[in-house]
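# Reading the structure
So you can see what is in the structure, the chains are spelled out below.
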2 protein chains.
Amino acid sequence: MVQRLIPGLTRDQIVAQAFVLVEDEGLDSLSMRKLAGRMNVQAAAIYWHISGKAELLGLMARDIYAAAYAGTHGAQDWREWLRQFGRALHSSLASHRDGARLCAIARPPSPADAEKQAAHIAAPLKALGLEASVALAHQAAVISFTLGWTMFEANGPMRDFLCEMMDFDATFTIGLESLVNGLPAK
Amino acid sequence: MVQRLIPGLTRDQIVAQAFVLVEDEGLDSLSMRKLAGRMNVQAAAIYWHISGKAELLGLMARDIYAAAYAGTHGAQDWREWLRQFGRALHSSLASHRDGARLCAIARPPSPADAEKQAAHIAAPLKALGLEASVALAHQAAVISFTLGWTMFEANGPMRDFLCEMMDFDATFTIGLESLVNGLPAK
DNA sequence: ACCTGAACACCGTTCAAGT
DNA sequence: ACCTGAACACCGTTCAAGT
């Protein structure tokens, strides 16, 4: 027992394969059985590592948000940080097939985890001088707008028709800018 | 054949019962079989009236949006109209269990219907002096923010923790106001 | 510790056949 | 025209049993 025998499965591997599956076949085709099949394992095996499909979706959503935080840095004030974060989240959501729908469906893994997540959410804005409750509220507004917009954008039939009439990216930026500029420092 | 024998089922009845089912058991428990069971009919019977579950969700979402339009009237300018619409949509979404998630999942029934819906969407704003493409863009921004926010708000575990720190309704209004005030007349 | 086999209780959808 | 019966091809999850 030098260290630990590598198990056939890992939480990270499962989540990674789930992303590949969704990329290939779409979110509606993500099933525990298909996912297991891709890893040459029985569906039940996944339940040793993950409590269920809800947790799987939660972990995937967390990765998408994490990418947005990772893509935000070097802002001088909280408004600039919110603008950067909004753009980063938008591109993170758009870069995964059905990313927005996934984050819409997913719920925070545990009630306890929600509290920790909220602290993590507000931290960058607090560092830039915002009070905790204001930071949470503003961050929630930007996440809401961005998530809602990306869902709108991904809405197939609507999209094909609308993109003849407007530039989605430019319109998103205008909305984000309006929202952020109007938010009070309190 | 005086007029037409009333059939046991109607599209409207099916949609209405679907709302009742969701209210009782939540969106995750909405199945064609349970729905049929509530109407004392086989699941297959529903398919005579509705093409499938996707169309059912589309019809439900349409009702939710319709209520928002119905609750918007008497605005003097397009900004006031957008504020009213945002608030009306928010309360329409919040008044149906899982309403936001439902609208997030639902897609416009048909590609042809999307075009008609887009025209309907932009009409009130055009009447208040906005150019068609600008009207669509602004309306999309308000819908996105409102839908995203209501989803955030409905996110159980997160909610319980956050509502100790902020007033959801007040914060939503601040965000909506910021967004609308910042939008350009173009 | 980690996975298989097999089962339980469901799904959405289709389609012949009934009335 | 409208619905039933029965089937097809799936689901998520659990749990004894294997290794």
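Residues numbered from 1 in each chain as written. Chains lettered and ligands numbered in written order. Predicted model: local features only at pLDDT ≥ 70, side-chain atom pairs only at ≥ 80, totals over all residues. Heavy atoms only, no water.

## Thoughts on the interface of chain A and chain B
- Across the contact, 42 residues belong to chain A and 41 residues belong to chain B.
- Around 3500 Å² of area is buried between chain A and chain B when both sides are counted, 78% of it from carbon and sulfur atoms.
- If you sort the residues of chain A by the area they bury against chain B, Arg107(A), Met158(A) and Phe161(A) come out on top, with a joint share of 14%.
- If you look at where chain A meets chain B, you find zero salt bridges.
- Listing elements by their share of the side of chain A that touches chain B, those giving two or more residues are helix 6 (99–105), helix 7 (111–127), helix 8 (132–154), helix 9 (156–162) and helix 10 (168–182) of chain A.
- The greatest single-element share of the side of chain A that touches chain B, amounting to 15 residues, is contributed by helix 8 of chain A.
- Across the side of chain A that touches chain B, the residue classes break down as 29 nonpolar, nine polar and four charged. (Contact = heavy atoms within 4.5 Å. Buried area = accessible area lost by both parts, 1.4 Å probe. Salt bridge = Lys/Arg side-chain N within 4 Å of Asp/Glu carboxyl O. Helix = DSSP H or I, 4+ residues; strand = E, 2+ residues; numbered from the N terminus. Nonpolar A, V, L, I, M, F, W, Y, C, P; charged D, E, K, R; others polar.)

## Quick look at the nonpolar core
- Membership of the largest hydrophobic core comes to 132 residues, with the highest contact counts inside it found for Leu56(A), Met60(A), Leu56(B) and Met60(B).
- Among all residues touching Met60(B), those that are not within four sequence positions of it are Val15(B), Ala18(B), Phe19(B), Val22(B), Leu30(B) and Leu102(B). (Core = buried A, V, L, I, M, F, W, Y, C linked by side-chain atoms within 4.5 Å. Buried < 20%, exposed > 50% of the residue type's maximum accessible area, 1.4 Å probe, protein only.)

## Overview of the side chain of Ser144(B)
- For Ser144(B), the location among the structural elements is in helix 8 (residues 132–154).
- If we ignore the near neighbours within four places in the chain, the residues touching Ser144(B) are Ser144(A), Phe145(A), Gly148(A), Trp149(A) and Phe152(A).

## Observations regarding the relation of the copies chain A and chain B
- With an RMSD of 0.0 Å, the fit of chain A onto chain B corresponds to turning through 180 degrees and sliding 0.0 Å along the axis. These values place the two chain copies in the arrangement generated by a two-fold rotation axis.
- Comparing interface residues between copies, 98% of those in chain A also sit at the interface in chain B, which points to an isologous, same-surface contact. (Least-squares fit on C-alpha atoms with pLDDT ≥ 70 in both.)

## Thoughts on unusual backbone geometry
All names here are of chain A.
- For Asn40, which is not glycine, the phi dihedral falls at a positive 55 degrees.
- Backbone geometry places Asp98, a non-glycine residue, at a positive phi of 60 degrees.
- Checked against the element boundaries, Asp98 lands in the loop between helix 5 (78–95) and helix 6.

## Focus on the UniProt feature "DNA-binding region" (unreviewed entry) in chain A
- When the UniProt feature table is mapped onto this chain, "DNA-binding region" (unreviewed entry) is found at residues 31–50 of chain A.
- Counted over residues 31–50 of chain A, helix gives 70% and strand 0%. Its end C-alpha atoms are 14 Å apart. (UniProt positions renumbered as here; feature names shortened; annotations may be inferred.)

## Examining helix 4 (residues 53–70) of chain A
- When the terminal C-alpha atoms of helix 4 of chain A are compared, their 26 Å separation across 18 residues agrees well with the 26 Å that a helix rising 1.5 Å per residue should span.
- Every buried residue of helix 4 of chain A is accounted for by Glu55(A), Leu56(A), Leu57(A), Gly58(A), Leu59(A), Met60(A), Ala61(A), Ile64(A), Tyr65(A), Ala68(A) and Tyr69(A). (Expected span 1.5 Å × (residues − 1).)

## Focus on the pattern of salt bridges
- Inspection of the entire model under this criterion finds 14 salt bridges over all chains.
- Salt-bridge contacts for Arg101(A) lead to Asp28(A); the nearest nitrogen and oxygen are separated by 2.6 Å. With Arg101(A) in helix 6 and Asp28(A) in the loop between helix 1 (11–25) and helix 2 (32–38), this pair connects stretches of sequence that are 73 residues apart.
- Arg101(A) gets classed as buried once you look at its relative accessible area, which sits at 10%.
- For Glu55(B), the salt bridge identified is with Arg11(B), shortest N-O distance 3.2 Å. Of this pair, Glu55(B) sits in helix 4 (residues 53–70) while Arg11(B) sits in helix 1 (residues 11–25); the two residues are 44 residues apart in sequence, bridging distant segments of the chain.
- One network of salt bridges, with partners in common, ties together Asp24(A), Glu25(A), Lys34(A) and Arg38(A).

## Things to note about the environment of Ser91(B)
All names here are of chain B.
- Structurally, Ser91 can be placed in helix 5 (residues 78–95).
- Taking relative accessible area as the criterion, Ser91 reaches 44% and is therefore assigned partly exposed.
- Each C-alpha atom of the pair Ser91 and Cys103 lies 14 Å from the other, and the pair is 12 residues apart in sequence.

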